[in-house]
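Spelled out from the first residue to the last, the chains are:
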Amino acid sequence: MNEKVDVLIIGAGASGAAMAWSLADTRMRILCLDQGDWQNTSDFPSNGRDWEARLTEDFALSPNRRRLSADYPVNDDDSPIKISNFNGVGGGTILYAGHYPRLHPSDFRVRSLDGVADDWPIDYETLEPFFALNDRMMGVASLAGDPAYPEKDQVMGPIPLGRTGQVLGKALNDLGWHWWPSDAAIATREYEGRAPCINLGQCGSGCAQGAKGTTDLTYWPEAQRARVEIRPRCRVSRIETGPDGMATGAHYFDADGKEHFQPAEIVILACNGIGTPRLLLNSASGRFPNGLANSSGLVGRNLMLHPYAQIRGHFDQPMDGHRGSPICIWSHEFYETEAARGFVRGYCYQFSRGMGPVRTATTGMADGLLPWGEDHHDAFRRLFGHSAGMLAICEDLPEEHNRVTLDPDLKDANGIPAPKISYRLSENSRLMLDHSVERGVKILKAAGARDITTRAPLPYAGWHLMGTARMGTDPERSVVNEWGRSHDVKNLFIVDGSVFVTSGGVNPTSTIQAVALYVADQIKTRLYELFD
Ligand SMILES: Cc1cc2nc3c(=O)[nH]c(=O)nc-3n(C[C@H](O)[C@H](O)[C@H](O)COP(=O)(O)OP(=O)(O)OC[C@H]3O[C@@H](n4cnc5c(N)ncnc54)[C@H](O)[C@@H]3O)c2cc1C
Ligand code: SF4
């Protein structure tokens, strides 16, 4: 049997890394298990000419398509939005765009402000020091002074606007709508051993330059120097509990399929909004028949995915093409509730550069903009390097019927039941998507774009996984308390996107990591009364 550790963290992604690094200064014995491996940057697609082909193969967004040994299948047939993730040291940060907004202060109080969903048990001010700490650890590029947010420090200068930012920013100025250079977890100068961004434009399939803030490069090396151990290629099948109802450790399969038990004093889940409920439901026992930490019945419920709209156009003048970090500016003009719009809460726009040659061709054909025959090459030249657009990220309100359960038949390579997603788009989200498409088209027209195409919801965009083990003070209405400890199992903590009470209308990773650092801080502060 493995030697007992003080803290067992499951999941080495965005939140697990932040938690491990923060707890390291307690000098407790900390071990992190992840089903995936370390990444070798020289294997990333941007090193080869077949980089776009690999985005549909070993670097596909969907684990069902990728099917690497680190992946588990997800049955998402019953959802218009399909699940994207990455399993390995770094988790989703390996594939993310590094677009790095924080939730707004209003996001923590939507019940009070708008009478929907619930307020969080914590607020923006509580998280503020952890946002700031996390920005320094991840190396966030930004421009101070964005009126959409309370004042925040700038760690380094922003990513370049490029032609896309300039053209679309001017259109937003003409319309009188908010825009600002995006916060991005991308180094714009040498930073803590990371090389600066050289605009390879491959953030979505791993940054070979090492400029993007992925946790295998940011938190993990420091955590390892402080003696935290990572054991990759170890897939946890269930959390074990003892006769007193406390967690005793976890069962896992190693890379050879051999089963082990890892005993621990404290167990921390950081497996994301799907992996965490899956593990809790797979840990059902006589004492916890509906799954671990699930006396509320809310484990797996309230799944929020952020429905996305995509609005793209083409310009006569050359734009940035696919070079440069994909997102350059954002607009939070339509973020807060305005009754006249007919829906509650709102969305932000992230403005994006162009696509590579293969995607230009495939989407051009799908959109009817690229014919076969004589005109083919001319039409391609009018599209390639001439496109820009935006994604609208719509706030997804929590609804209990949107959920993760265990699929009765589907299993991963170790025979562990796989998750099944049941998700319906709400009327509120539909209206919000329509609004964002209509306003997005207006922005592109104001910028002088032609051949505008729209998609909503974007099908393969289920990459923000939130809400399935929510935080709260009432054990009947939440899974963990206001500092991340399970109401039912007093030495079990959850720190990934599962604990989100609401989703906000921005990408979640900055907030996920700030919450993880905050929970770590609470654990350290309460160490001598942790299980009371
Ligand atoms: C294509 C893409 C683009 C994105 N772009 C952005 C963006 O621009 N901005 C942004 O804020 N967010 C973005 N995201 C989302 C971001 O990646 C996630 O919000 C973030 O990684 C979630 O952090 P987490 O700690 O909750 O989980 P993850 O980072 O997903 O980490 C979970 C880890 O747990 C491991 N794990 C799960 N189950 C088990 C098990 N049973 N045993 C062992 N290990 C297990 C997994 O292998 C994984 O490494 C993007 C995601 C994708 C896929
Ligand atoms: S654009 Fe910058 S951050 Fe993105 S992959 Fe290229 S070098 Fe890395």
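The shown structure was predicted, so the numbers you read here are calculated from the model rather than taken from an experiment.

1. Here we look at the overall build of the protein chain
Regarding its fold elements, the protein chain presents 12 helices and 16 strands. The C-alpha atoms of the protein chain give 22 Å as radius of gyration, which agrees with the globular expectation for 532 residues (24 Å, within 12%). Taken along its principal axes, the extent of the C-alpha atoms in the protein chain is 75 × 50 × 45 Å. Relative to its full complement of 532 residues, the protein chain shows a buried share of 61%. Counting only contacts in the protein chain whose residues sit at least 6 apart along the sequence, the fraction spanning at least 24 positions is 73%. Accessible surface computed for the protein chain: about 19900 Å², of which carbon and sulfur atoms make up 48%. Considering the protein chain, the positive charge centre built from 53 side chains and the negative charge centre built from 66 side chains are found 3 Å apart.

2. So, the state of the cysteines
Applying the stated criterion across every chain yields a total of 0 disulfides. For Cys271, which is in no disulfide, the shortest distance to another cysteine sulfur is to Cys32 and amounts to 8.7 Å.

3. Here's the deal with the site of ligand 2
Not every one of the 13 residues close to ligand 2 is listed here, only the nearest: Cys197, Leu200, Gly201, Cys203 and Cys207. Class assignment of the residues belonging to the shell around ligand 2 gives a composition of 6 nonpolar, 6 polar and 1 charged.

4. Structural notes on the UniProt feature "domain: Glucose-methanol-choline oxidoreductase N-terminal" (unreviewed entry) in the protein chain
Taking the numbering used here, the UniProt-annotated feature "domain: Glucose-methanol-choline oxidoreductase N-terminal" (unreviewed entry) corresponds to residues 166-307. Helix makes up 20% of residues 166-307 and strand 21%, with an end-to-end C-alpha separation of 27 Å.

5. Section: the UniProt feature "domain: Glucose-methanol-choline oxidoreductase C-terminal" (unreviewed entry) in the protein chain
Residues given the UniProt feature "domain: Glucose-methanol-choline oxidoreductase C-terminal" (unreviewed entry) here are residues 398-516. For residues 398-516, the helix share is 24%, the strand share is 20%, and the end-to-end C-alpha distance is 21 Å.

6. Here's the deal with helix α10 (residues 376-383)
The set of residues buried in α10 consists of His376, Ala379, Phe380 and Leu383. Projected down its long axis, α10 shows its buried positions confined to an angular sector of 100°, all on one face. Turned more than 90 degrees away from the buried face of α10, the exposed residues are His377 and Arg381. Each element contacted by the buried residues of α10 is listed here: β9 (308-314), α9 (357-366) and β12 (387-394). Just past α10, the residue Gly385 takes up positive phi, approximately 80°.

7. Re the packing of helix α1 (residues 14-23) against helix α12 (residues 509-525)
The N-to-C vectors of α1 and α12 enclose an angle of 30°; their axes lie 8 Å apart at closest approach. The orientation of α1 relative to α12 falls into the category roughly parallel. Crossing of α1 over α12 shows right-handed handedness. The residues of α12 that touch α1, namely those facing Ala14, Ser15, Ala18, Met19, Trp21, Ser22 and Leu23, are Thr509, Ile512, Gln513, Ala516, Leu517, Val519, Ala520, Ile523 and Lys524. Looking at the contact of α1 with α12 residue by residue, the classes come out as 11 nonpolar, 4 polar and 1 charged.

8. Some thoughts on the sheet that holds strand β14 (residues 417-422)
With respect to topology, 3 strands assemble into an open sheet ordered β3-β14-β13, the strand pairing being mixed. For this open sheet the edge positions go to β3 (75-78) and β13 (403-411), each flanked by a neighbour on one side alone. Shown here is a sheet whose adjacent strand axes are inclined to one another by a mean of 40°, direction ignored. Relative to β14, β3 is paired through 2 bridges, and the arrangement is parallel. Looking at the pairing, Asp78 lines up with Ser422 of β14. Its contacts with the sheet put helix α8 (residues 272-282) on β13 and β14, and the angle it makes with β13 is roughly 65°.

9. Let's talk about the environment of Arg225
Inspection of the secondary structure puts Arg225 in helix α7 (residues 219-225). A relative accessible area of 65% places Arg225 in the exposed class. In the structure, Arg225 is positioned 204 residues away from Trp21 in sequence and 9.6 Å away in space, judged by C-alpha atoms.

10. Considering the pattern of salt bridges
One pass over the full model with this rule turns up 28 salt bridges. Between Asp37 and Arg233 there is a salt bridge; the shortest N-O distance is 4.0 Å. With a gap of 196 residues between them, Asp37 in the loop between β2 (30-33) and α2 (51-54) and Arg233 in the loop between β5 (229-231) and β6 (235-241) connect regions that are remote in the sequence. The class of Arg233 is partly exposed, set by a relative accessible area of 42%. In this structure, Arg235 and Asp412 form a salt bridge, with 3.7 Å as the shortest nitrogen-oxygen distance. In this pair, Arg235 sits in strand β6 while Asp412 sits in the loop between β13 and β14, placing the two residues 177 residues apart along the sequence. Each member of the pair, Arg235 as well as Asp412, is classed as buried. Residues participating in the shared-partner salt-bridge network are Asp107, Asp114, Glu336, Arg345 and Glu395.

11. Some thoughts on the sheet that holds strand β15 (residues 450-455)
Taken in spatial order, the 6 strands line up as β4-β10-β11-β12-β9-β15 in an open sheet, and their pairing is antiparallel. Looking at the sheet topology across the chains shown, the edges are occupied by β4 (180-181) and β15. Across 4 bridges, strand β10 (residues 327-331) lies against strand β11 (residues 347-352) in antiparallel orientation. Directly across from Ser331, in β11, lies its bridge partner Tyr349. Against the sheet, helix α6 (residues 162-175) touches β10, β11 and β12, its axis set at about 15° to β10. Of the strands in this sheet, β9, β11, β12 and β15 touch helix α11 (residues 427-446), which is tilted by about 20° from β9.

Cut-offs applied
- Residues numbered from 1 in each chain as written.
- Chains lettered and ligands numbered in written order.
- Predicted model: local features only at pLDDT ≥ 70, side-chain atom pairs only at ≥ 80, totals over all residues.
- Heavy atoms only, no water.
- Helix = DSSP H or I, 4+ residues; strand = E, 2+ residues; numbered from the N terminus.
- Rg over C-alpha atoms; globule rule 2.2 N^0.38 Å.
- Buried < 20%, exposed > 50% of the residue type's maximum accessible area, 1.4 Å probe, protein only.
- Contact = heavy atoms within 4.5 Å.
- Areas by Shrake-Rupley, 256 points an atom, 1.4 Å probe, with all protein chains shown as cover.
- Lys, Arg positive; Asp, Glu negative; His and termini not counted.
- Charge placed at Lys NZ, Arg CZ, Asp CG, Glu CD.
- Disulfide = S-S within 2.5 Å.
- Near = heavy atom within 4 Å.
- Nonpolar A, V, L, I, M, F, W, Y, C, P; charged D, E, K, R; others polar.
- UniProt positions renumbered as here; feature names shortened; annotations may be inferred.
- Arc of directions from axis to C-beta.
- Axes fitted to C-alpha atoms, helices over the stretch in contact; angles between N-to-C directions.
- Parallel < 35°, antiparallel > 145°, perpendicular 65-115°, else oblique.
- Left-handed = near helix turned anticlockwise from the far one by under 90°.
- Pairing = 2+ DSSP bridges.
- Salt bridge = Lys/Arg side-chain N within 4 Å of Asp/Glu carboxyl O.

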